[in-house]
Amino acid sequence: SAQTTVNPSADLSITKTAPTTATVSSPLAYSIVAKNNGPAAATGVTVTDTLPAGVTFVSATSSQGTCTNASGTVTCTVGNLASGASATITINATAPATPGTITNTATVKGNEPDPNAANNTASATTSVVASADLSITKTGPVTATTSSPLAYPIVATNNGPSAATGVTVTDTL
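Rules behind the numbers
Residues numbered from 1 in each chain as written. Predicted model: local features only at pLDDT ≥ 70, side-chain atom pairs only at ≥ 80, totals over all residues. Heavy atoms only, no water. Helix = DSSP H or I, 4+ residues; strand = E, 2+ residues; numbered from the N terminus. Buried < 20%, exposed > 50% of the residue type's maximum accessible area, 1.4 Å probe, protein only. Contact = heavy atoms within 4.5 Å. Areas by Shrake-Rupley, 256 points an atom, 1.4 Å probe, with all protein chains shown as cover. Lys, Arg positive; Asp, Glu negative; His and termini not counted. Salt bridge = Lys/Arg side-chain N within 4 Å of Asp/Glu carboxyl O. Polar contact = N/O pair within 3.5 Å; in protein donor to acceptor, adjacent residues only side chain to side chain. Core = buried A, V, L, I, M, F, W, Y, C linked by side-chain atoms within 4.5 Å. Pairing = 2+ DSSP bridges. Axes fitted to C-alpha atoms, helices over the stretch in contact; angles between N-to-C directions.

Draft legend 1. The overall build of the chain, seen in detail. Secondary structure assignment for the chain yields zero helices and 12 strands. Along the chain, helices and strands appear, N-terminal first, in the series β-β-β-β-β-β-β-β-β-β-β-β. A total of 173 residues make up the chain; the buried ones form 29% of that total. Pairs at least 24 apart in sequence give 71% of the contacts found in the chain among residues at least 6 apart. In the form shown here, the chain has an accessible surface area of approximately 9,900 Å², with 53% of it arising from carbon and sulfur atoms.

Shown next as structure tokens:
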């Protein structure tokens, strides 16, 4: 008689969300959900996320297991996921200091054969935009003599975080 060994399979999937826009050098949060669609339980589940260039790691938490960061690669050891179970991971980071578009990708894997590897990777794209906080102050004398010169010093300030271009100051007397 012939014997057949049946290896259990677990279809792991991952979804990732991020803000569609972020301001340069501001907080940026990524949310990742790793799920086991079954039919078998998954063991040794790991989520890996390499942060885009210019993104600075702040912290990472997982609803199951632990997360570590090494040179901008976040690795979360989820462990075992029963069929139908999921783990939610939040990665807090700081957006790059320069404007542009960044794409962040996360991957999930486990010990069992995965019958659908197409859903093991998920990406989210964020448009990083510049922002400048402009302020202006104007001072003048409290009193003045008729027909005498008046001086009104005006100070325009950029409180950042980005450089401001095309700044115009208009004063109407």
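Draft legend 2. Layout of the side chain of Glu 112. Mapped onto the fold, Glu 112 is located in the loop between strand S9 (100-109) and strand S10 (121-129). Buried and unpaired, Glu 112 has Lys 109 as its nearest opposite-charge partner, separated by 12 Å. At a separation of 2.7 Å, a polar atom in the side chain of Glu 112 contacts the side chain of Thr 43. With residues near it in sequence (within four places) discarded, Glu 112 still touches Pro 8, Ser 9, Ala 10, Ala 41, Ala 42 and Thr 43.

Draft legend 3. The nonpolar core, seen in detail. By size, the foremost hydrophobic cluster in this structure holds 30 residues, and its most contacted members are Val 47, Ile 89 and Ile 91. When contributions to this core are tallied by element, the ones reaching two or more residues are strand S1 (10-17), strand S3 (27-39), strand S4 (42-50), strand S7 (73-81), strand S8 (86-94), S9 and S10. Non-local contacts of Val 47, meaning those with residues more than four positions away in its chain, are made with Ile 14, Ile 32, Ala 34, Val 74, Thr 75, Cys 76, Val 78, Ile 89, Thr 107 and Val 108.

Draft legend 4. The arrangement of the environment of Thr 68 in detail. Tracing the chain through its elements places Thr 68 in strand S6 (residues 66-70). Along the primary structure Thr 68 and Thr 48 are separated by 20 residues, whereas in three dimensions their C-alpha atoms are 9.8 Å apart.

Draft legend 5. A look at the pattern of salt bridges. If you walk through the whole model with that rule in mind, you get one salt bridge. For Lys 16, the salt bridge is made with Asp 49, and the minimal N-O distance between the two is 2.5 Å. Taken together, the residues Lys 16 in strand S1 and Asp 49 in strand S4 connect sequence positions 33 residues apart. Of the two residues, Lys 16 and Asp 49, neither departs from the other in class, the shared state being buried.

Draft legend 6. Expanded view of the sheet that holds S8. Here four strands make up an open sheet; going across it, the order is S1-S3-S8-S5 and the pairing antiparallel. Each edge of the open sheet carries a strand with a single partner, namely S1 and strand S5 (56-62). Neighbour-to-neighbour, the strand axes of the sheet open up by a mean angle of 20°, direction not taken into account. Pairing of S1 with S3, which is carried by seven bridges, proceeds in the antiparallel orientation. Directly across from Ser 13, in S3, lies its bridge partner Lys 35.

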